[in-house]
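Descriptive analysis of the structure
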Amino acid sequence: MAKKGNIEFRSGAIDRGATPYFHGRLDILTDFRKILSYVQASGKGTIYLIYGAPGSGKSALLDECKKIAIDEDWDSVYIGVGALWDPEKMLNSLGHDHKYSGSESVHQVGLKGIYTWMRKRTRNRRAVKSVLTDQGKPLLLLLDEAQALGNENVPPPDYESDMLELLELIHNGKIGRPIVLLTAGLGTTLPALEALDISRFGEGNTIELGELSEKSARAVIHDWIVKDGMAKGDPTEWIDAIEEETYRWPRHVHSYAIRASEYLKENGGIMTSKGLMEVMEKGMKGRIQYYRQRVKSFYVDEVKHVAEAISEYPAGVAFDRLDILSFLSKIYGEAEAKIFLTGCWRRG
């Protein structure tokens, strides 16, 4: 793990996944805890979906849900989409997750036996189900970036029936053990699951994430400045400035708050007007860099055309998909415009 100041991060993008200073989403976490209790008491299962725009804090929320599950004595592992149809990938997820709860030695021995048995038999559509039912504790499967379920050849044609059956069994609570598949992804995740015949979620089982509350956003900024940056004095002026600039969007909050922490650690925790200006400038650069990465796969003229299509809408007002499609159809033709617009949704 890489170390940043007083905070340790997993290697890779440090602005993804777990966050050291998580605040808010209390209603969601309370409801999720109730769902775990119901599933455990009933011995059944369900699929839970968290979706939202890029930077809305989906991955961080997933990690908080995992902590709750572990506290409730659930086994809890991250999986990739391939684990939904490939028993070996599911076994790998169950056997190598560093936070897999319970007795590690018992799990290792049990999973090794299952793995050997699985390799000796012909893979069939019940294989992944067999892996999941061989352990008795309640199980939380976490699938991030779940919009990949809508990608071409996901699952591969030969395995489509395998995955469809597994999702149906989990969704209808027929795996044979308490199990929750917690998925998180962009807005295209919901139609992707609907295309896989998961069209009716339980009440409260789909959550669309938006901005943080003012209280939560300010609490996150405060912790980065005071706890991580060890600021000296009253941080209100810095918190006010950062909160106003971020629109309380989690990814924006992170862009500014982490740079405030870095500045303070480099300058003995002293907060000055000049320092705040430097932090705001670096925070803006971080935001721009993030969105440049989001549109990297598009041509410049394509980005310009989308911008032109929504330019008549006032800031903060939702735009109409059909308006954009009509505008783009004049440039690309209706069929190509639909394909292009779908690609935009999938990129967030």
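Residues numbered from 1 in each chain as written. Predicted model: local features only at pLDDT ≥ 70, side-chain atom pairs only at ≥ 80, totals over all residues. Heavy atoms only, no water.

Ranked by internal contacts, the top residues of the largest apolar core, which has 35 residues, are Ile79, Leu84, Met90, Leu132, Leu141, Leu149 and Leu181. Counting only elements with at least two residues in this core, the list comes to β3 (45-51), α3 (87-96), α5 (127-133), β5 (139-143), α6 (160-171), β6 (179-185) and α7 (189-195). The greatest single-element share of this core, amounting to five residues, is contributed by α6. Membership of the second largest hydrophobic core comes to 22 residues, among which are Ala217, Ala257, Ile258 and Met280. (Core = buried A, V, L, I, M, F, W, Y, C linked by side-chain atoms within 4.5 Å. Buried < 20%, exposed > 50% of the residue type's maximum accessible area, 1.4 Å probe, protein only. Helix = DSSP H or I, 4+ residues; strand = E, 2+ residues; numbered from the N terminus.)

Counting across every chain of the model gives six aromatic pairs. On the numbers, 5.4 Å between centres and 70 degrees between planes, the contact of Phe32 with Tyr48 is edge-to-face. Of this pair, Phe32 sits in helix α1 (residues 26-42) while Tyr48 sits in strand β3, and the two are 16 residues apart along the sequence. Tyr48 gets classed as buried once you look at its relative accessible area, which sits at 0%. Linked through ring pairs, Phe298, Tyr332 and Phe340 together constitute an aromatic cluster. (Phe/Tyr/Trp six-rings, centres within 6.5 Å; stacked < 30°, edge-to-face > 60°.)

Once that is clear, we can look at the packing of helix α13 (residues 321-332) against helix α14 (residues 334-346). Viewed as axis vectors pointing N to C, α13 and α14 meet at an angle of 130 degrees, and their least axial separation amounts to 8 Å. For the element pair α13 / α14, the angle class is oblique. At the point where α13 passes α14, the crossing takes the right-handed sense. Mapping the contact onto sequence places Arg321, Ile324, Leu325, Leu328, Ser329 and Tyr332 in α13 and Glu334, Glu336, Ala337, Lys338, Phe340, Leu341 and Trp345 in α14. The residue inventory of the contact of α13 with α14, partitioned by class, reads eight nonpolar, one polar and four charged. (Axes fitted to C-alpha atoms, helices over the stretch in contact; angles between N-to-C directions. Parallel < 35°, antiparallel > 145°, perpendicular 65-115°, else oblique. Left-handed = near helix turned anticlockwise from the far one by under 90°. Contact = heavy atoms within 4.5 Å. Nonpolar A, V, L, I, M, F, W, Y, C, P; charged D, E, K, R; others polar.)

Below, the discussion takes up helix α10 (residues 250-266). Across its 17 residues, α10 extends 24 Å between first and last C-alpha, which sits within 8% of the 24 Å expected from 1.5 Å per residue. For α10, the tally of buried residues reaches 13 of 17 residues, placing the bulk of the element in the interior. Directly beyond the C-terminal end of α10, a positive phi value near 65 degrees is found at Gly268. (Expected span 1.5 Å × (residues − 1).)

The next point concerns unusual backbone geometry. The peptide bond linking Val154 to Pro155 adopts the cis configuration, its omega dihedral lying at -5 degrees. Inspection of the secondary structure assignment puts Pro155 in the loop between β5 and α6. Even without being glycine, Asp197 reaches a positive phi, approximately 70 degrees. Structurally, the position occupied by Asp197 is in the loop between α7 and β7 (206-208).

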